[in-house]
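Structure assessment
Below are the chains, spelled out letter by letter.
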Amino acid sequence: MNYLSYRSALSLLVVPALVVASSAQAVDIWTVGVDNTRQGWNRSETVLKPANVPRLKKIREFPVDEKIDVSPLVVGDKLYVFTMTNTAYVFDVNTGAELVKRQLAPPFDPADIANPQGMGMDLHNMYRHWGITATPVIEVATNTIYVTTFGKPNEASQNIERNNMLWTLDATSLADKNPPVLIAGNADNGGGGIANGFTTPYQKMRAGLGLLTDPGGNRAVVISFSINGENPNGPGHGFVVAYDVRGLNRDPGFKPTPGIWNVTPGGGAGGVWMSGSGPAIDGTDIYLSTGNGMDPGSMAGNFAESFVKLRYTPGIADVNNGKPTLDVVDYWGAFSDFQRRDRAAPPDRQAAQDQDLGSAGVVLIPARGNLIGGGKDGVLYNLNKDNLGKNTWNPHFNLPFVATYLPNAPNGPAGLPTTTTTDPNWPIIKLERNLPAQTPNGKSYHIHGTPVYMEGANSGIVFVWGENERLKAYNYNFTTKRITSFSAQGTQVASGNDPGMPGGRLVISSNGSDPGTGVVWGTYPVLGDANSKVVPGALVAYNATPAANGKLKQLFHSQPGELGLFAKYSTPVVANGKVYVGTFSNKVVQYGL
């Protein structure tokens, strides 16, 4: 079923241009993580600041038809929301009015095939619909939404038949600008193709979409896939897919023929999850991190458990349908001794085999040369974006260090240079160092919410909120490009005293680098494991300038029960004096002054 709502049908009679926001300083949040750096930093927030955030209050709710598993987007005076029924909504941010709604494809119910385990999309039976699971991207200049769906080909299809589709929509009416495309094909580097139809294991789209523009002005939509059931030996793989927009538009000499890169062509798994964040993009370079699977230390040409730098080359008219290409130009394999994890002590073995470097996204600081990220080992990595290191950490600006909990000994202080003599107890060497059996209180301290970054006049700060812990802030030095020291931490503990995933999901707002304007915002599960069950959530805000006592000053916390149920892949959005939070309570909640 593919239909427009009544409001949408009326809107097709007259299709106005995308309305710009009323404020001259208005900012558009058109992609997850604010922009292609994935820093999560809205540096154009002129309304909300530490002085007035304590007066924040809930303004309204935007109701939708199902759980929200992706981040809302805001362009001008419009709020864009996408749900697990493959439904897209457009609301007026000022009145709450629903302007248009469209269901793009029929969702399916994963619960009825979740047993035996390994066959379903949701082994915890949290979802009764599966639909839009990757945050779309909006090209503001052309008033275009690119959105992917994962659902049944049509209403009468069997519930085990799924297709991965890419849609090109008008951002005002949600009408098709171009015919939708089945995301399909074999990888250019071998190892098979993307699973559609009845093929198992199924692909999962979790990472947000990317929109790349090359120096010639050519654009590409970048889509990342993970895989259901991560068997390092296969079947199934992670993929990165790039569509030249000229192909989507069916320009002369071009067809919608994607470049496809397989993460593990000689092995299996290697999903691109990144906790819903999108690939970081700098010109034609695409940066990402990958999850469990075969890695470069085990099998050449396979890039699971790695930071990867791909280079996009646009297609040429009338050459192979104008098909673009994706090529690996650099990488760093975090766990080159893959087999060591198989030999971990029995209490550690399961966790050792589930390190998932790519459980969180990457943060790019193009002007300074950093690529920062982390994963389930709770370790923060500070890489040289121009020399990731492949199988050595010599080019890194920091040795990897535990960042999610304190104290972090025997890790040494944050900021150790890579020339420091190796300590056999460092977590990057002693791979079980940060597994639950070895950590304080026997808990896991994974990084799932992507770190965020902001700058002041003379230095930067990195925030990360691991599971079962408090928000942490680390100082960043412009000159050395190193994360130099722990700075401060927040008050609230993610999941409370009932351990669970995923920690906090963060964004930052400020008025440029003006001192005293920075606020770090987070949503987190108040109590319990949001990975295996639906739990309550909350919105919290801290002054982004750490206090001298090593604490972050809490400015705001939502009232108990006010926000609703926590959405584990939906990052909050701060735009033009308002805060928007997607939930599992079938609504987006708006806060403001």
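In this report, the structure presented in the accompanying data block is examined. (Residues numbered from 1 in each chain as written. Predicted model: local features only at pLDDT ≥ 70, side-chain atom pairs only at ≥ 80, totals over all residues. Heavy atoms only, no water.)

Section: the sheet that holds strand β11 (residues 176–182)
Rules: Note on pairing: two strands pair once DSSP finds at least 2 bridges between them. Numbering of helices and strands starts at the N terminus; helices are DSSP runs of H or I of at least 4 residues and strands are runs of E of at least 2. Convention adopted: a line fitted to C-alpha atoms gives each axis, helices being fitted over their contacting stretch, and angles between N-to-C directions are expressed from 0 to 180 degrees.
If you trace the four strands from one edge of the open sheet to the other, you get β8-β9-β10-β11, paired in antiparallel fashion. Edge positions in the sheet fall to β8 (137–139) and β11, since each has one partner strand and no second. Ignoring which end each strand starts from, the neighbouring axes of this sheet average 20 degrees apart. One ladder, built from three bridges, connects β8 with strand β9 (residues 144–151); its direction is antiparallel. Its bridge partner lying in β9, valine 137 is registered against tyrosine 146.

Observations regarding the sheet that holds strand β32 (residues 554–557)
Across a sheet, strands are paired by hydrogen bonds formed along the backbone, either parallel or antiparallel in direction. Ordered by their spatial adjacency, five strands build an open sheet running β2-β29-β30-β31-β32, and the pairing between neighbours is mixed. Each having just a single partner strand, β2 (41–42) and β32 make up the two edges of the open sheet. Taken together, the two bridges between β2 and strand β29 (residues 505–509) define a ladder with parallel strand orientation. The partner of asparagine 42 across the bridge, within β29, is serine 509.

Describing the layout of surface pockets
The condition is simple: Cavities and pockets are found on a 1 Å grid laid over the protein atoms alone: a cavity is a set of points where a 1.4 Å probe fits but cannot escape, a pocket is an open set with protein on both sides within 12 Å along at least five of seven lines, and a lining residue has an atom within 4 Å of such a point. Grid points are joined across faces, edges and corners, and a volume is the space filled by probe spheres set on the points. Gly is put with the polar residues, along with every residue not named as nonpolar or charged; the nonpolar set is Ala, Val, Leu, Ile, Met, Phe, Trp, Tyr, Cys and Pro, and the charged set is Asp, Glu, Lys and Arg.
Of the voids in this model, the second largest pocket is the one considered here, and its volume is about 280 Å³. As for the second largest pocket, its lining consists of 18 residues, of which Met454, Gly456, Ile461, Ala544 and Thr545 are closest to the centre. Broken down by element, the lining of the second largest pocket gets its largest block of residues, three residues, from strand β26 (residues 459–464). Residues of the lining of the second largest pocket, tallied by class, amount to five nonpolar, 11 polar and two charged.

Description of the environment of alanine 195
Where we set the bar: Accessibility here uses a 1.4 Å probe with only protein chains present; expressed as a share of the type maximum, an area under 20% marks a residue as buried, one over 50% as exposed, and anything in between as partly exposed. Any two residues having at least one pair of non-hydrogen atoms within 4.5 Å are treated as being in contact.
Within the secondary structure, alanine 195 is located in the loop between β11 and β12 (203–204). Judged by its relative accessible area of 8%, alanine 195 falls in the buried class. Once residues within four sequence positions are removed from consideration, alanine 195 is found in contact with Asn164, Pro201 and Gln203.

Things to note about the pairing of strand β23 (residues 379–384)
β23 sits mainly inside the fold: six of its six residues count as buried. Alternating positions in β23 separate into two faces, Val379, Tyr381 and Leu383 on one and Leu380, Asn382 and Asn384 on the other, with burial throughout. The turn linking strand β22 (residues 370–374) back onto β23 is made up of four residues, and glycine 378 within it adopts a positive phi angle of 70 degrees. Where β23 and strand β24 (residues 401–402) come together, two bridges link them in antiparallel fashion. Bridge pairing in β24 links valine 379 to valine 402.

Brief notes about the pattern of salt bridges
We apply this condition: When a carboxyl oxygen of Asp or Glu lies within 4 Å of a side-chain nitrogen of Lys or Arg, that pair is called a salt bridge.
The full count for this structure, using the stated rule, is 17 salt bridges. In this structure, glutamate 139 and arginine 219 form a salt bridge, with 2.7 Å as the shortest nitrogen-oxygen distance. Taken together, the residues span a long stretch of sequence, with glutamate 139 in strand β8 and arginine 219 in strand β14 (residues 219–227) at a distance of 80 residues. Residue classification places glutamate 139 among the buried positions, given a relative accessible area of 9%. For arginine 219, a relative accessible area of 23% translates into the label partly exposed.

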